[in-house]
Amino acid sequence: MMERDEEEQALATVTMRYFAHARAPAGCAEEALTLPDRVDADAVRALLRSRHPALAPVLACCRIAHNLDFMDGVVTLVDGDELAVIPPVSGG
């Protein structure tokens, strides 16, 4: 199997979804993003802060989900994956 050159970075187009109080500062409910194919939650947050500065304070308390699972470490993205900003929730 041939390894990728360190300088070569594969990309994936994903759907980014914004829930609850993350939606208004993002200015949309969802958007298509092109990201490196290997990212962690901190990298996603950094990208979102640069795209939507008003979202920065909200991101501090939000989790990032990848295909319905909270991200823990680096994940591999493929075209069509879904990422989501999940603010804290409570229920009763």
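Reading the values: the criteria
Residues numbered from 1 in each chain as written. Predicted model: local features only at pLDDT ≥ 70, side-chain atom pairs only at ≥ 80, totals over all residues. Heavy atoms only, no water. Phe/Tyr/Trp six-rings, centres within 6.5 Å; stacked < 30°, edge-to-face > 60°. Lys NZ or Arg CZ within 6 Å of the ring centre and 35° of its normal. Core = buried A, V, L, I, M, F, W, Y, C linked by side-chain atoms within 4.5 Å. Buried < 20%, exposed > 50% of the residue type's maximum accessible area, 1.4 Å probe, protein only. Helix = DSSP H or I, 4+ residues; strand = E, 2+ residues; numbered from the N terminus. Contact = heavy atoms within 4.5 Å. Polar contact = N/O pair within 3.5 Å; in protein donor to acceptor, adjacent residues only side chain to side chain. Pairing = 2+ DSSP bridges.

Visitor: Would you mind showing me how to read the packing of aromatic side chains here?
Guide: The relative placement of two aromatic rings is captured by the distance of their centres and the angle of their planes. Across all of its chains, the model carries zero aromatic pairs by this definition. Seen from the ring of F70, R63 lies directly overhead, with NZ or CZ sitting 4.0 Å from the centre.

Visitor: Teacher, can you tell me more about the nonpolar core here?
Guide: A general feature of soluble globular proteins is that nonpolar side chains tend to end up buried together. Within the largest apolar cluster, 22 residues are counted, with the highest numbers of intra-cluster contacts made by L48 and V85. It is strand β1 (residues 11-18) that contributes the most residues to this core, four residues altogether. Sequence-distant contacts of L48, defined by excluding residues within four places in its chain, comprise M16, Y18, L33, L55, L59 and V85.

Visitor: How should I be thinking about unusual backbone geometry in this particular structure?
Guide: Both trends apply: most residues other than glycine have a negative phi, and most peptide bonds are in trans. Phi at N67 is positive, roughly 50°, even though this residue is not glycine. On the secondary structure map, N67 appears in the loop between β4 (63-66) and β5 (69-70). On the basis of relative accessibility, which here comes to 33%, the residue N67 falls in the partly exposed class. In this structure, L68 takes a positive phi of about 75° despite not being glycine. Along the chain, L68 turns up in the loop between β4 and β5.

Visitor: Even after reading the chapter, I still don't get the side chain of E31, so can you show me in this structure?
Guide: Take E31: it is sitting in strand β2 (residues 30-36). A polar atom in the side chain of E31 sits 2.7 Å from the side chain of H52.

Visitor: Even after reading the chapter, I still don't get the pairing of β4, so can you show me in this structure?
Guide: The side chains of a regular strand alternate, first on one face of the sheet and then on the other. By the bridge criterion, four bridges tie β4 to strand β7 (residues 82-86) in an arrangement that is antiparallel. Across the sheet, R63 pairs through a bridge with I86, a residue of β7. Strand direction decides the pairing type here: β4 and β5, joined by two bridges, are antiparallel. Each bridged residue has a counterpart across the sheet, and for H66 the counterpart in β5 is D69. In textbook terms, the turn of a hairpin is the stretch between consecutive antiparallel strands, and for β4 and β5 this stretch comprises two residues, one of which, N67, has a positive phi near 50°.

Shape descriptors only; they carry no functional weight alone.
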